[in-house]
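Read off the chains here:
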Amino acid sequence: MPHGAKFARMVRGRFAPSPTGALHLGNARTALLAWLHARAHGGAFVMRVEDLDVGRVRPGIMQTQLDELRWLGLDWDEGPDVGGPCAPYVQSRRQALYDAALRRLAEDGRLFQCTCSRRDIAQAASAPHAGEEGPRYPGTCRARLVDPSVPSLLAHGRAHFALRVRVEAGDVCFSDGVMGDCCFDPAAETGDFVVRRKDGAAAYQLAVVVDDAAMRMTHVVRGADLLSSTARQILLCRALALPVPEFVHVPLMLGPDGERLAKRHGAVSLGELREAGVPPERVAGWLAATCGLAQPGEAVAPAGVVARFHGARLSTAPTTVTQAGLARRRGGGAGG
Ligand code: GLU
């Protein structure tokens, strides 16, 4: 059976952790929701490890993350430890696919070499705004188009330049499964963006698009922090003639200061809860309760929530975890 036919019309979802640190409750809730979405639709669930940021990847973390997600009660049909038709499921082993996509962008005259440092960009930007992704790229190296017939320009490995893709002005609109109708103008917000970094690794935006297409993802369920990246990813899908998946951006969990939940908030990791002897059903139940999918204090395995997920409306608002709530999680207690 051809690859495409096998996956025809079946919902395929994924969770794509970066093995850079312990999974905390916020990550776990996103994983749970992505899993519930796939399972409630009778779909397949894929685990993909996004380990391209070599400077931040920590040895051994991938296995720990997978163990903890299993402990929580999630399972996957395809992934680094179970294999599958789209293997390998670890990005650092998928370089050939990213190289092919870069070549295609170069052949279409969309790719250019950029030698700018972060500082150059900050200084050249006329109206730098301190967004999470830094100031908009001012177009300094835009004219230095990559000639695909010069092998050194696309050769893998460290280089003194990054590769950026040209972005034309205009809104990119999509209908998000939770956030509703969204429009972003990447040309105004980030400008031409990096698709291969100076260290030779494919940038997140490129790798995620190539992999979601190659792995036949029909739905991308992930944290709302990636909502604005979606517009850039849609532009790449169009440029590479790849299908655009449905997007479902689930609200983040915030710490008491209103920032994304992180270790510095004392955010509890799944590993800490497991070691403290908290039953996984309590953790899954609490996560589900924060999305209105379980009663406060209810202990329930993810499999017990699948039927409730169908048709449930997820709030678009982030969940703020209070200091007291975090302390209770550490103690393994119930309630908010
Ligand atoms: N690897 C990304 C992260 O851990 C997720 C990317 C995605 O789901 O598209 O934040």
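Residues numbered from 1 in each chain as written. Predicted model: local features only at pLDDT ≥ 70, side-chain atom pairs only at ≥ 80, totals over all residues. Heavy atoms only, no water.

## Observations concerning the packing of aromatic side chains
Consideration 1: Enumeration according to the criterion identifies three aromatic pairs in this entry.
Consideration 2: Arranged with centres 6.2 Å apart and planes meeting at 20°, the rings of phenylalanine 174 and phenylalanine 184 form a pair that is stacked. Placement of phenylalanine 174 in strand β5 (residues 172-176) and of phenylalanine 184 in strand β6 (residues 180-184) is noted, with a sequence separation of 10 residues between them.
Consideration 3: Here phenylalanine 174 and phenylalanine 247 contribute two aromatic rings whose centre-to-centre distance is 6.0 Å and whose plane-to-plane angle is 65°, an arrangement assigned as edge-to-face. You can see phenylalanine 174 sitting in strand β5 and its partner phenylalanine 247 sitting in strand β9 (residues 246-250), a full 73 residues away along the chain. (Phe/Tyr/Trp six-rings, centres within 6.5 Å; stacked < 30°, edge-to-face > 60°. Helix = DSSP H or I, 4+ residues; strand = E, 2+ residues; numbered from the N terminus.)

## Some remarks on helix α9 (residues 227-239)
Consideration 1: Counting buried positions over the 13 residues of α9 gives 10, a clear majority of the element.
Consideration 2: Along α9, the residues classified as buried are Leu227, Ser229, Thr230, Ala231, Arg232, Gln233, Ile234, Leu236, Cys237 and Ala239.
Consideration 3: One or two residues past the end of α9 sits alanine 241, with phi positive at roughly 55°. (Buried < 20%, exposed > 50% of the residue type's maximum accessible area, 1.4 Å probe, protein only.)

## Looking at the pattern of salt bridges
Consideration 1: In total, this model carries 17 salt bridges according to the counting rule given.
Consideration 2: Linking arginine 14 and aspartate 212 is a salt bridge whose minimum nitrogen-to-oxygen distance equals 3.0 Å. Here aspartate 212 lies in helix α8 (residues 204-214) and arginine 14 lies in strand β1 (residues 12-15), a separation of 198 residues in the sequence. Each member of the pair, arginine 14 as well as aspartate 212, is classed as buried.
Consideration 3: Measuring nitrogen to oxygen at the nearest pair gives 2.7 Å for the salt bridge that ties arginine 197 to aspartate 199.
Consideration 4: With relative accessibility at 23%, the residue arginine 197 sits in the partly exposed group. (Salt bridge = Lys/Arg side-chain N within 4 Å of Asp/Glu carboxyl O.)

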